[in-house]
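Commentary on secondary and tertiary structure
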Amino acid sequence: MNLKFQLDDLRVFCLAARKASFAATATELGTSPAYVSKRIAILEKALGVTLFHRAARRVTVTEDGERVYASAQQIFQDVDHMGETVAGGKLDPRGLLRVTTSARLGRMHIGPALSLLARRYPALDITLDAVDRRVDLVGENIDLDVRVGEVDEPHLVAHKIATSVRLLCAAPTYVARRGAPEKVAELSQHDCLVLRDRNQAFGVWRLTGPTGTEKVKVTGRLSSNNSEIVRGWGNDGHGILLQAQWDLHDDISAGRLVPVLPQWWQPADIWAASSVRLSHSAKVRVCVQFLQEQLNGKGPFALKRELSGTAGFGA
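So, here is what we can say about the structure in this document. (Residues numbered from 1 in each chain as written. Predicted model: local features only at pLDDT ≥ 70, side-chain atom pairs only at ≥ 80, totals over all residues. Heavy atoms only, no water.)

Observations regarding the nonpolar core
Short version of the rule: For our purposes a nonpolar core is just a set of buried Ala, Val, Leu, Ile, Met, Phe, Trp, Tyr and Cys residues, chained together by side-chain atoms within 4.5 Å. With a 1.4 Å probe rolled over the protein chains alone, any residue whose accessible area is under 20% of its type maximum counts as buried; one over 50% counts as exposed, and the rest are partly exposed. Here a helix means four or more residues in a row that DSSP labels H or I, a strand means two or more in a row labelled E, and each is numbered from the N terminus. Throughout, a contact is declared for two residues whenever any of their heavy atoms are within 4.5 Å.
One finds Leu144, Val146, Ile161, Ile270, Cys287 and Leu291 to be the most contacted residues of the largest nonpolar core, which totals 26 residues. Of all elements in the fold, only strand S3 (95-101), helix H5 (103-120), strand S5 (144-148), strand S6 (157-162), strand S15 (270-274) and helix H9 (282-295) reach the threshold of two or more residues within this core. Here the element with the most residues in this core is H9; it accounts for 7 residues. Discounting residues that sit within four places of it in the chain, Ile161 has contacts with Ile270, Trp271, Ala272, Val288, Leu291, Gln292, Leu295 and Asn296.

Dropping the structure here:
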């Protein structure tokens, strides 16, 4: 195999793959379709594969072409990372930025923030994946994982995005029927709606309050790995739930849920994990700083005192 081709040939190929047209690719590059066809032919000869199925007005990527496209994206990402590292992260952010987070945090806060980030930095191509598991940033080529809870992997760099807490709540109908617990230990006698969270031990609630930290084992008839489902069950009066303040804000404001044991809470700060330091990657740096700007101390993330009714709550 003769691997003599230019990096620009890969860029032409990737653009043609996205456009599915040599003519449209030539128009964007300001050249001719013949030039595009020639560069693709050179790349195909060098790799020893056919990259496109060619038709009169449209081209489609072959299976070999799909593999080359995926490899090319990784090559361009590595080149961008090398340039940023050599420049000490001083380059303008550009290239592919891959971010992961949980589904509801992504939909409510991270997704809208990244929409604004994309407008500010048009050279960034942003991918946001919602996952309910701990990701392998290095193995999966992820730039940033935004999560509820601290970053405990020693090989990753932690960036605090916003301060937050989890609160205990229930529907007024549940409190009227079963009463409200007066001590943390009494939660074990109540119907609790357990969320199977990627960062929490299942069925164990560790709470901080006036006398320090207490741990209680909770049970209930209903559990889910989806916070929106659990909150819906709470609204229906099925039990007590423990969720982030930003997730409960609308329901508490509307009276669908009321605080339970308001002096007790669970730390739930928003953190982002990366495999590189901010000084080494412009795209990671601007993303972290932008998320901090958008989330820290604003809206539902600044409600600790309001919801608890005590000046010292969450301080």
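A few points about the pairing of S15
A regular strand places its side chains so that they alternate between the two faces of the sheet. Note the threshold: At least two bridges found by DSSP between two strands is the condition for calling them paired.
Burial runs high along S15: 5 of the 5 residues are buried. Where burial is concerned, the two faces of S15 agree: the one with Ile270, Ala272 and Ser274 and the one with Trp271 and Ala273 are both buried. Pairing geometry for S5 and S15, over 4 bridges, is antiparallel. Within S15, the position partnered with Val146 by the bridge is Ala272.

Side note on the pattern of salt bridges
Opposite charge on two side chains lets them pair, provided their charged atoms get close. What counts is decided by this rule: In the sections that follow, a salt bridge refers to a side-chain nitrogen of Lys or Arg positioned within 4 Å of a carboxyl oxygen of Asp or Glu.
Following the criterion strictly, the structure yields 19 salt bridges and no others. Between Asp64 and Arg67 there is a salt bridge, and its shortest N-O distance comes to 2.4 Å. Here the residue Asp64 and the residue Arg67 both occupy positions in helix H4 (residues 63-86), the gap between them amounting to 3 residues, near one helical turn. Given the relative accessible area of 30%, Asp64 is considered partly exposed. A salt bridge links Arg147 to Glu153; the nearest nitrogen and oxygen atoms lie 3.0 Å apart.

A few points about the pairing of strand S12 (residues 240-244)
The element S12 is extensively covered by neighbouring structure, given that 5 of its 5 residues are classed as buried. With 4 bridges connecting them, strand S7 (residues 165-170) and S12 associate as antiparallel partners. In the sheet register, Leu168 faces S12, and the bridge partner there is Leu242. Two strands pair when backbone bridges link them, and strand S8 (residues 192-195) and S12 are joined in this way by 2 bridges, in the parallel orientation. By the bridge assignment for S12, Cys192 is matched with Ile240.

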